[in-house]
Amino acid sequence: MNVARLDQLWVYLSGNPLLSLLLTLVAFALAVRINKALGGTPLLHPVMLAIALLIGSLLLLDMDYATYFEGAQFIHFLLGPATVALAIPLYDHRERVRRLLVPLLLACVTGIVTAVSSTLGLALLLGARHETLMSLAPRSVTSPIAMGIAEQIGGIPSLAAGLVLLTGAIGCALGPAIFRLLRIRDPAVQGFAMGLAAHGFGTAQSFARLGAVAGAFSGLAMGITGLMTAFLLPPLVNLLGLG
Amino acid sequence: MPLILGMSMLLACQMLGELLARGLAVPIPGPVIGMVILLVVLMVWGKVPNSLRASGEGLLRYLTLLFVPAGVGVMVHGALIGRDILPILATLFVSTALTLGVTAWVLSRLQGRLGKGGRQ
C-alpha cells in the first residue's frame, strides 16, 4: 500500500479551496455557538469571534491571507448578490420609507457630518499621521466605497478597508447600549443608525437581532450613506485644507 | 429551479450595476447600483416574485457569514494599524458612538415631530 506523505497531503490541501471554505464555515458555526452560550452578548459579536478564530488558525497553520482568500472568495463573492437583495426588504417596506423620506435624508446628512467631523477632529487632536487621517475619514462607509474615497483623498486603501471593518465591529458592540441609553426602541430607527454608522456589519446585525424592518432600514442607510459620502467627502476635505 | 431563477435576477442586477459603475467611472460599488436597479424593477413590476424572494432572503439570512473572509483581512493591516493604534482606537470608539447616538436621536425626533411614522 502506498501512503502519501503528510507534507504532500498538506501541499494538496493548502492549494485547494476546500480547506479555507471548511475552516470559514466551522469557525462561523463555532462562533455562533460560543456567542449563544455567553447569552448573545454584543461585545463578542459572532463575526468578530469567527474572524479571531480564523486569524488564530491561519497563524497556527502558517497559511497567509492570500492563500486563505483564494478559497474563501467563494463566500466573499456572495456579498455582491446579497447587497442587491437588500432591495427586497426595502421594497416590502416602501410605504414607510416613502413617508419618512425627508427625516431619513436629514438624519443621514447629520449622521455623515457627525461621523466625518468627529473622526477628523479627534484623530487630528490625538496626532494621527496624515495618511492614517485620510484613511480614517471614510470609515463608516461600506468598504468598497471607502477604499475608493481613501485613494482619492490621499489615504491608504487597504488601511481604510481594515478601519472600516473595525468600525463595523465597534458599532455592533456599542449600538445596543447606546439605544438603551437614549431609550430608542423603534427597530426602524435602530436599524437606520446601525446602517449609517456601521455599514454592512450593522445591517447584518440588524437583520439577525432586530428583524426584517430594521434590516431594510439599515440597508437603506448603508446605501445612502455610501453614495452621499462618496460625493461629499472629497470636496469637504479640500475645503478643510487637509487634502 | 426557483433558486436558480432568483439568483440569476440578483446576478443580472449586480452585473448591470458593475457595468454602469465602470462605464461611468463613478466610485460607487456595482452591487449598490445593482440594489437601486432591482428596487426600480420591483417598483415597476409591483411585486416580488417568489423565486427572487427565496434566494434573496436566503442570502440575507446569512449576511453576517459573508463578511468573515474580508474581515480576516485585518491580519494584513496589523502593522499599519499598529503604528497609530491609540489615536485610531480612541477615534473609532468615540466617533462611532457619537454617530450612532446622533443619527438615532435625530431620526426619532424628526419622526415624532412629523407624527405619522412613529410607533409610540
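Residues numbered from 1 in each chain as written. Chains lettered and ligands numbered in written order. Predicted model: local features only at pLDDT ≥ 70, side-chain atom pairs only at ≥ 80, totals over all residues.

Peer 1: I'm lost on the domain arrangement of chain A in this one. Help?
Peer 2: How big an interface is tends to be expressed through the accessible area that disappears when the partners come together. All names here are of chain A. What the domain assignment lists for chain A is domain 1 (6-77) and domain 2 (84-239). Listed per partner, the contact involves five residues of domain 1 and six residues of domain 2. Residue composition of the side of domain 1 that touches domain 2, grouped by class: four nonpolar, one polar and no charged. (Domains from an automatic or database assignment. Contact = placed C-beta atoms within 7 Å. Nonpolar A, V, L, I, M, F, W, Y, C, P; charged D, E, K, R; others polar.)

Peer 1: Can you help me understand the domain arrangement of chain B in this one?
Peer 2: Considered domain by domain, chain B is made up of domain 1 (1-66) and domain 2 (71-120). Between domain 1 of chain B and domain 2 of chain B, the C-alpha centre-to-centre distance is 27 Å.

Peer 1: What's the story with the interface of chain B and chain A in this structure? I'm lost.
Peer 2: In this assembly, 70 residues from chain B lie in contact with 92 residues from chain A. Going through the elements one at a time, α1 (2-24), α2 (30-45), α3 (50-61), α4 (63-66), α5 (68-72), α6 (78-83) and α7 (85-114) of chain B are the ones with two or more residues in the side of chain B that touches chain A. Of the residues forming the side of chain B that touches chain A, the biggest block, 25 residues, is contributed by α7 of chain B. For the side of chain B that touches chain A, the class distribution of residues is 48 nonpolar, 17 polar and five charged. (Helix = DSSP H or I, 4+ residues; strand = E, 2+ residues; numbered from the N terminus.)

Peer 1: What is the right way to read the packing of helix α2 (residues 17-37) of chain A against helix α4 (residues 65-77) of chain A from this model?
Peer 2: For any two helices packed against each other, the geometry is given by the interaxial angle and the distance between the axes. Residue and element names in this part refer to chain A. One way to put it is that α2 packs onto α4 with a least axis distance of 7 Å and a crossing angle of 60°. In terms of orientation, α2 and α4 fall into the oblique class. Viewed along their axes, α2 and α4 form a crossing whose handedness is right-handed. Here P17, L18, L19, S20, L21 and T24 of α2 lie close against α4, whose contacting residues are Y68, E70, G71, A72, F74 and I75. (Axes fitted to C-alpha atoms, helices over the stretch in contact; angles between N-to-C directions. Parallel < 35°, antiparallel > 145°, perpendicular 65-115°, else oblique. Left-handed = near helix turned anticlockwise from the far one by under 90°.)

Peer 1: How should the packing of helix α10 (residues 143-153) of chain A against helix α13 (residues 212-239) of chain A be read in this particular structure?
Peer 2: Residues and elements named next belong to chain A. At a minimum axis distance of 10 Å, the contact between α10 and α13 shows a crossing angle of 10°. One way to sum up the angle between α10 and α13 is to call them roughly parallel. Between α10 and α13 the crossing geometry is right-handed. Facing I145, G148, I149, Q152 and I153 of α10, the residues of α13 in contact are G226, T229, A230, L233, P234 and V237. Broken down by class, the residue content of the contact of α10 with α13 amounts to seven nonpolar, four polar and no charged.

Peer 1: Looking at this structure, how should I read helix α12 (residues 187-210) of chain A?
Peer 2: Structurally, the α-helix is built with 3.6 residues per turn, so residues lying three or four positions apart point the same way. Residues and elements named next belong to chain A. The end-to-end C-alpha distance of α12, which contains 24 residues, comes to just 6 Å, noticeably less than the 34 Å that a straight helix rising 1.5 Å per residue would cover. Within α12, the axis deviates most sharply at A198, by approximately 145°. α12 sits mainly inside the fold: 23 of its 24 residues count as buried. Just downstream of α12, G211 is the residue with a positive phi angle, here 100°. (Expected span 1.5 Å × (residues − 1). Bend = angle between axes of the 7 residues up to and from the residue. Buried ≥ 20, exposed ≤ 12 C-beta atoms within 10 Å, placed from the backbone.)

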